There are 2 protein chains.
Amino acid sequence: MSEKVKLSDQQYQIVETLCHLQGGSARDVLNNLPDQSLAYTTVATILTRLEKKGVLSSETVGRERVYTPEISVSEIKRSMVGGLISTLFKGDSKALLAHLVREGDVDPNELEDLRQLLDKKEEQE
Amino acid sequence: MSEKVKLSDQQYQIVETLCHLQGGSARDVLNNLPDQSLAYTTVATILTRLEKKGVLSSETVGRERVYTPEISVSEIKRSMVGGLISTLFKGDSKALLAHLVREGDVDPNELEDLRQLLDKKEEQE
DNA sequence: CTTTCTCCACTACAGGTGTAGTAGAATATC
DNA sequence: GATATTCTACTACACCTGTAGTGGAGAAAG
């Protein structure tokens, strides 16, 4: 299951790519990666390790090993954001909110806009 | 200077403690750490490594090595939150906001409260 | 002064990560 | 069928991190 997923940047990039592709081979991932400078074997290694971690599963199809994400991008994000909140803000997610606004990353006025946006979105669903 | 500071949980815990103490020895940090189960030498090792990284500086005072943070807790938080935003949300901090609300970590109604709170805080300053 | 305590520097070691090469098997191409 | 391509598995290696032991120097205690 989900639990605490903690991925490095590189690993996240690869899982995300795989999720967008909805599964695929190392070659597929490599071809769709934002950073094209990696060696094929590097991607393959990372995929293997991610599988060992339980984030992916794989299946041999013909000559290819096809990986399937066992977790959604949302879950990963939730888990990683959650980890940061627990480390930096003692588990208080509002403190992160406050931090974002205080640090000027987000304009306070945007909060209201955002709220309305989300309210609308909720209605639609 | 600041730049990209990336600390592990453990490292963050130690820097944060040191910041609260406004500097101190390994022993001081150990005594004030939430997690008391670490060995003295473990804390000392981490402090040494953090100094090598430039996050701390140190000075020998008598028999003790006294460490001083070279960066504030706020800066570390900003840097680490920023890193996560860039990894997970392509640098869009509002996307993180939206994520927090969508994932139910924060009630949409709280956004307004928060906004008002922050507006007040701004007035006070 | 001798014994004990405490601190620091150095060393150690396992596990994770980034990165990639090599070997061998399977496939595609000529 | 021989050759080139391509894929996986295995191996490698350096660096980071968590964790801590050891040895020696200095300070405190008796």
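The structure displayed is predicted, hence computed values, not measured ones.

As a further point, take unusual backbone geometry. With a phi angle near 50°, Lys90 of chain A is a residue other than glycine that sits in the positive phi range. Relative to the elements of secondary structure, Lys90 of chain A occurs in the loop between α4 (73-89) and α5 (93-102). Residue Lys90 of chain A is classed as exposed on the basis of its relative accessible area, which comes to 70%. Of note, the phi angle at Gln22 of chain B is positive, near 55°, even though the residue is not glycine. In this fold, Gln22 of chain B is placed in the loop between α1 (9-21) and α2 (26-32).

What follows concerns the layout of surface pockets. As a volume, the largest pocket reaches approximately 580 Å³. Surrounding the largest pocket, 24 residues form its lining, Lys6, Met80 and Leu84 of chain A together with Lys6 and Leu84 of chain B being those nearest its centre. Breaking the lining of the largest pocket down by element, the ones donating at least two residues are α4 of chain A together with α4 (73-89) of chain B. A per-class count over the lining of the largest pocket returns 8 nonpolar, 10 polar and 6 charged.

Take chain B, turn it by 180°, move it 0.0 Å along the axis, and it overlays chain A with an RMSD of 0.1 Å. On the angle and the small slide along the axis, the relation comes out as a two-fold axis. Both copies contact each other with a shared surface, as 100% of the interface residues of chain B are interface residues in chain A too.

What follows concerns the protein's contact with DNA strand D. Taken together, 17 residues lie around DNA strand D, and Arg27 and Tyr40 of chain A together with Ser8, Gln10 and Thr45 of chain B are the ones closest in. In DNA strand D, the atoms that sit within 4 Å of the protein are 57% sugar and phosphate, with bases accounting for the remainder. Listing elements by their share of the surface near DNA strand D, those giving two or more residues are α3 (40-53) of chain A together with α1 and α3 (40-53) of chain B. Looking at the surface near DNA strand D element by element, the count peaks at 6 residues for α3 of chain B.

Listed by partner, the interface residues are 36 residues for chain B and 36 residues for chain A. Across the interface of chain B and chain A, roughly 3600 Å² is buried in total on both sides, 68% from carbon and sulfur atoms. Remark: the boundary between chain B and chain A carries 0 salt bridges. Where chain B meets chain A, there are 3 residue pairs in polar contact (both at pLDDT 80 or more). Among the elements of the structure, α1, α4, α5 (93-102) and α6 (108-124) of chain B are those that each provide at least two residues to the side of chain B that touches chain A. Looking at the side of chain B that touches chain A, its residues break down into 17 nonpolar, 5 polar and 14 charged.

All names here are of chain A. Running from amino to carboxyl end, helix α1 (residues 9-21) crosses α4 at an angle of 155°, the nearest separation of the two axes being 10 Å. Here α1 lies roughly antiparallel to α4, going by the angle between them. Within the contact between the two elements, α1 uses Tyr12, Val15, Glu16 and Cys19 and α4 uses Val73, Ile76, Lys77 and Met80. Looking at the contact of α1 with α4 residue by residue, the classes come out as 6 nonpolar, no polar and 2 charged.

The next subject is the environment of Ser58 of chain A. Residue and element names in this part refer to chain A. Relative to the helices and strands, Ser58 is located in strand β1 (residues 56-61). Sequence spacing of Ser58 and Pro69 is 11 residues, and the spatial spacing of their C-alpha atoms is 8.6 Å. Those residues in contact with Ser58 that lie beyond four places of it in its chain are Glu51, Arg65, Val66 and Tyr67. Engagement of the side chain of Ser58 in a polar contact is seen with the side chain of Glu51, the distance being 2.9 Å. Engagement of the side chain of Ser58 in a polar contact is seen with the side chain of Arg65, the distance being 2.4 Å.

This part takes up the environment of Ile76 of chain B. Residues and elements named next belong to chain B. Tracing the sequence through the fold places Ile76 in helix α4. Taking the relative accessible area as the measure of exposure, Ile76 reaches 1% and is therefore buried. Residues Ile76 and Tyr12, 64 residues apart in the sequence, show an inter-C-alpha distance of 8.4 Å. Ignoring sequence-local partners within four residues, the contact set of Ile76 consists of Leu7, Tyr12, Val15 and Ile71.

Inspection of the sheet shows strand β1 (residues 56-61) of chain B paired to strand β2 (residues 64-69) of chain B by 6 bridges, in the antiparallel sense. Each bridged residue has a counterpart across the sheet, and for Leu56 of chain B the counterpart in β2 of chain B is Pro69 of chain B.

Rules and cut-offs
- Residues numbered from 1 in each chain as written.
- Chains lettered and ligands numbered in written order.
- Predicted model: local features only at pLDDT ≥ 70, side-chain atom pairs only at ≥ 80, totals over all residues.
- Heavy atoms only, no water.
- Helix = DSSP H or I, 4+ residues; strand = E, 2+ residues; numbered from the N terminus.
- Buried < 20%, exposed > 50% of the residue type's maximum accessible area, 1.4 Å probe, protein only.
- 1 Å grid on protein atoms, 1.4 Å probe; cavity = no way out; pocket = protein on both sides within 12 Å on 5 of 7 lines; lining within 4 Å.
- Points joined across faces, edges and corners; volume = space filled by probe spheres on them.
- Nonpolar A, V, L, I, M, F, W, Y, C, P; charged D, E, K, R; others polar.
- Least-squares fit on C-alpha atoms with pLDDT ≥ 70 in both.
- Contact = heavy atoms within 4.5 Å.
- Near = heavy atom within 4 Å.
- Buried area = accessible area lost by both parts, 1.4 Å probe.
- Salt bridge = Lys/Arg side-chain N within 4 Å of Asp/Glu carboxyl O.
- Polar contact = N/O pair within 3.5 Å; in protein donor to acceptor, adjacent residues only side chain to side chain.
- Axes fitted to C-alpha atoms, helices over the stretch in contact; angles between N-to-C directions.
- Parallel < 35°, antiparallel > 145°, perpendicular 65-115°, else oblique.
- Pairing = 2+ DSSP bridges.

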